[in-house]
Amino acid sequence: MTTVDETAPESAFLDSLPVVGHFIGGREDEGTGTGRAAVYDPARGVPTAHAALGSADDVNRAVAAAHDAAPGWSATPAHVRARVLFRFRQLVEDAAEDLARIITSEHGKTHADALGEVTRGLEVVEFACGVPQLLKGDHSEAVGRRIEAVSFRQPLGVVAGISPFNFPAMVPMWMFPVALACGNTFVMKPSERDPSLSLELARLLQKAGLPDGVFNVVNGDKQAVDALLEHPDVDAISFVGSTPVAEYVYRTGTANGKRVQALGGAKNHMVVMPDADVDTVISSLMGAAYGSAGERCMAISVVVPVGQKTADMLRSRLVAELETLKVGEGNDPEVEMGPLVTGAHRDKVASYLEVASEEGAEVVVDGREHALVDGDGFFLGGSLLDGVRPGMRVHDEEIFGPVLSIVRADTFDDALAVVNEHEFGNGATIFTSDGGTAQAFLMGVQAGMVGVNVPIPVPMAFHSFGGWKRSLFGDHHIHGEEGVRFYTKYKTATVRWPGVDVSKQFVMPTNV
Ligand code: NAD
């Protein structure tokens, strides 16, 4: 396997490629920043565009546009805001095939998988269309003589979203539909590795009738993120990405007085009990570990079989499955797993196979031996490790690629301890036919999203998405009612209607 050098094309050749710019105040431009980042077609291993890396000035322009649009948008009745989202919903559905093609061309995941992420994003738009109901407040008719109280939620102002490469459609759609529905204006900072999708969504929002300035996109990297974190007119930040950056964004954003939710990395375990249905386990595990080349924050990267017999059975079935796993270009309908997003990321994932051997784990199936690895695309075959133990880097660190580790446990309690002692707590699942064991797992497991006989327990849009421990910094999960709470401030009004004599009162009012 040759290591990919992605620095070479970042010079003269890049200048001839199209620029993926910004969308600010209803107009597209390439910004004032001179930085550029190559955007690759991962299946061919060649740059196809370059993302404009937004400067502080570009961020200032986007925040100013959002700030100017905020009074008008927040004063627009919730049901009128919802109408824009209803139209947007239809436009996204009509464009889904095209959007999926863009995702595959920049991310590498299969077309069917890309379509799936568009659908999961649309579900959040559908949830946000119900915002008039979601924003209905509480009312008490009489808290004193002719005094009533009403509580309601108001928008924060300007919200920024910062998203990772692995879901260029779904993760932004976890954020802005709810934020906009609640009356906020928005600045989106997508991943520089697949920057085009957010621009497409901005165009569709404009087509749906969203006023200019309400939704803006600034492409970029750390420089744009820092400008957002420091900008006094940004009221809140939704971040999704790796844990070190999530922690940085949370600490810097909150230090600057912003409300921040920062969703981080993951290492998701699947516990397999001896009584689990074997065929269901194997088909679930293959999709959850190797789908999207393992580049999902809810991918299963560790399987914890209970008992040596269960482990041996799983291992031999997985080896057989990996022999027939179809790896290739994401637009081929036969393909089950596409390339990784960049050559650098592929090389990093592959390096963990070396680490595994050094740490004393067994590389049962080595993805570096796949025939496509020596081609131009950023391919790696599916890999399987056995004999992995907590404390090894391959267990403790997020690999974010098609590498599944087997950690053998003797008992259910041992398996649960493996899950709970991990620093991350995004998702975890158990496969069993015993209700008592399932219930004990659900109650005892330290993770935010938990499954029983479901491999990737991603909550629906009307529930909320978020992990525990170092998989989330902040108090709110994303979308669902938690999303509405995150994107709004709570206000309570106490109103006395005229017609009551009010005497001077120097003691604390008790309204009796
Ligand atoms: P990343 O942390 O490298 O990048 C995320 C965003 O932060 C991007 O927009 C990027 O431009 C920006 N960024 C990167 N480095 C930065 C820095 N030093 N300072 C400021 N901003 C910076 O993540 P990624 O590689 O794009 O995505 C993969 C990661 O995202 C994985 O760790 C995965 O688990 C995580 N993820 C988590 C969830 C979740 O819901 N918890 C969902 C999807 C992905």
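Predicted, not measured: the structure shown is a model, and the values here were computed from it.

Caption draft 1: Structural detail: the overall build of the protein chain. From N to C terminus, the protein chain includes 17 helices and 23 strands. For 512 residues, the compact-globule estimate of 2.2 N^0.38 gives 24 Å, and the protein chain sits close to it at 25 Å. Reported as C-alpha extents along the three principal axes, the dimensions of the protein chain are approximately 85 × 60 × 40 Å. Expressed as a percentage of its 512 residues, the buried residues of the protein chain come to 56%.

Caption draft 2: Up close: empty space enclosed by the protein. Counted under the stated rule, the structure contains five cavities of 30 Å³ or more. Computed from the structure, the largest cavity encloses a volume of approximately 90 Å³. Around the largest cavity, the lining comprises 15 residues; the ones closest to its centre are Ala266, Gly294, Arg296, Ser301 and Phe400. Taken together, the residues of the lining of the largest cavity sort by class into eight nonpolar, four polar and three charged.

Caption draft 3: How the structure looks around the domain arrangement of the protein chain. Assigned domains of the protein chain: these are domain 1 (55–264 + 471–491) and domain 2 (268–452). One C-alpha centre belongs to domain 1, the other to domain 2; they are set 32 Å apart. Each side of the interface is counted separately: domain 1 has 15 residues, and domain 2 has 18 residues. When the buried area of domain 1 at its contact with domain 2 is split by residue, Thr110, Phe165 and Ser471 rank highest and sum to 31% of it. Linking domain 1 with domain 2 are one salt bridge. Notably, a salt bridge pairs aspartate 113 with arginine 296, separated by 2.9 Å at the nearest N-O pair.

Caption draft 4: Looking closely at the site of the ligand. Not every one of the 29 residues close to the ligand is listed here, only the nearest: Lys189, Glu192, Ser242, Gly264 and Glu398. Contact distances for the ligand include 2.7 Å between an oxygen atom and a side-chain N or O atom of glutamate 192. Between the ligand and the protein, one listed contact pairs an oxygen atom with a backbone N or O atom of glycine 241 at 3.3 Å. Expressed as a share of its isolated accessible area of 850 Å², the protein-covered part of the ligand is 89%.

Caption draft 5: Main features of the sheet that holds strand 7 (residues 147–155). The strand order across the open sheet formed by three strands is 6-7-23, and the pairing between neighbours is antiparallel. Edge strands, defined here as strands with exactly one partner in the open sheet, are strand 6 (138–144) and strand 23 (488–496). Taken over all neighbouring pairs, the strand axes of this sheet differ in orientation by 25° on average, direction set aside. With four bridges connecting them, strand 6 and strand 7 associate as antiparallel partners. Within strand 7, the position partnered with glycine 144 by the bridge is isoleucine 147.

Caption draft 6: Inspection of the nonpolar core at higher detail. Counting residues in hydrophobic clusters, the biggest one holds 70 residues, and the most contacted among them are Phe88, Trp174 and Phe215. Here this core gets ten residues from one element, more than from any other, and that element is helix 7 (residues 170–181).

Caption draft 7: Summary view of the sheet that holds strand 13 (residues 268–272). The strand order 15-16-17-14-13-19-20 describes an open sheet built from seven strands, whose pairing is mixed. Unpaired on one side and paired on the other, strand 15 (362–365) and strand 20 (449–452) mark the two borders of the sheet. Geometrically, the sheet is characterised by an average inter-axis angle of 20° between neighbouring strands, direction not taken into account. Against the sheet, helix 12 (residues 308–324) makes contact with strand 13, strand 14 (300–305), strand 15, strand 16 (383–386) and strand 17 (403–406), and its axis sits at roughly 160° relative to strand 16, the strand it touches most. Packing against the sheet, helix 15 (residues 412–420) makes contact with strand 13, strand 14 and strand 19 (427–431), and its axis sits at approximately 175° to strand 13.

Caption draft 8: Region of interest: the side chain of serine 471. In this fold, serine 471 is placed in the loop between strand 21 (468–469) and strand 22 (472–473). Of note is the side chain of serine 471, whose polar atom sits 2.7 Å from the backbone oxygen of glycine 265. Among residues more than four places away in sequence, those in contact with serine 471 are Ala262, Leu263, Gly264, Gly265, Ala266, Phe424, Gly425 and Asn426.

Caption draft 9: Just the packing of aromatic side chains, in detail. For the structure on display, the rule yields nine aromatic pairs. A ring pair is formed by tryptophan 174 and phenylalanine 465, whose centres lie 4.2 Å apart and whose planes are at 35°; its orientation type is tilted. One end of the pair, tryptophan 174, is in helix 7; the other, phenylalanine 465, is in the loop between strand 20 and strand 21, with 291 residues separating them in the sequence. Residue phenylalanine 465 is classed as buried on the basis of its relative accessible area of 2%.

Caption draft 10: Looking closely at the pattern of salt bridges. Here the structure, examined in full by the defined rule, presents 28 salt bridges. As a salt-bridge pair, lysine 189 and glutamate 192 come within 3.6 Å of each other at their nearest N and O atoms. By relative accessible area, lysine 189 is classed as buried at 3%. A salt bridge links arginine 368 to aspartate 366, with the nearest nitrogen and oxygen atoms 2.8 Å apart.

Caption draft 11: Examining unusual backbone geometry more closely. The backbone phi angle of arginine 146 is positive, close to 55°, even though this residue is not glycine. Take arginine 146: it is sitting in the loop between strand 6 and strand 7. At phenylalanine 400, a residue that is not glycine, the phi angle is positive and equals roughly 60°. Mapped onto the elements, phenylalanine 400 comes out in the loop between helix 14 (393–396) and strand 17.

Caption draft 12: Inspection of the pairing of strand 16 at higher detail. Here strand 16 shows no split at all, with Ser383 and Leu385 on one side and Leu384 and Asp386 on the other all buried. Sheet analysis places strand 15 next to strand 16, joined by three bridges and oriented antiparallel. Residue valine 365 lies in a different strand from strand 16, and its bridge partner there is leucine 384.

Caption draft 13: Fine view of the side chain of threonine 429. Along the chain, threonine 429 turns up in strand 19. Residue threonine 429 is classed as buried on the basis of its relative accessible area of 0%. Looking at threonine 429, its side chain comes within polar contact range of the main-chain oxygen of glycine 451, at 3.1 Å. Look past the residues within four positions of threonine 429 in its chain and what remains in contact with it is His269, Met270, Val271, Ile300, Phe441, Gly451, Val452, Asn453, Val454 and Pro455.

Each value, and the rule that gives it
Residues numbered from 1 in each chain as written. Predicted model: local features only at pLDDT ≥ 70, side-chain atom pairs only at ≥ 80, totals over all residues. Heavy atoms only, no water. Helix = DSSP H or I, 4+ residues; strand = E, 2+ residues; numbered from the N terminus. Rg over C-alpha atoms; globule rule 2.2 N^0.38 Å. Buried < 20%, exposed > 50% of the residue type's maximum accessible area, 1.4 Å probe, protein only. 1 Å grid on protein atoms, 1.4 Å probe; cavity = no way out; pocket = protein on both sides within 12 Å on 5 of 7 lines; lining within 4 Å. Points joined across faces, edges and corners; volume = space filled by probe spheres on them. Nonpolar A, V, L, I, M, F, W, Y, C, P; charged D, E, K, R; others polar. Domains from an automatic or database assignment. Contact = heavy atoms within 4.5 Å. Buried area = accessible area lost by both parts, 1.4 Å probe. Salt bridge = Lys/Arg side-chain N within 4 Å of Asp/Glu carboxyl O. Near = heavy atom within 4 Å. Polar contact = N/O pair within 3.5 Å; in protein donor to acceptor, adjacent residues only side chain to side chain. Areas by Shrake-Rupley, 256 points an atom, 1.4 Å probe, with all protein chains shown as cover. Pairing = 2+ DSSP bridges. Axes fitted to C-alpha atoms, helices over the stretch in contact; angles between N-to-C directions. Core = buried A, V, L, I, M, F, W, Y, C linked by side-chain atoms within 4.5 Å. Phe/Tyr/Trp six-rings, centres within 6.5 Å; stacked < 30°, edge-to-face > 60°.

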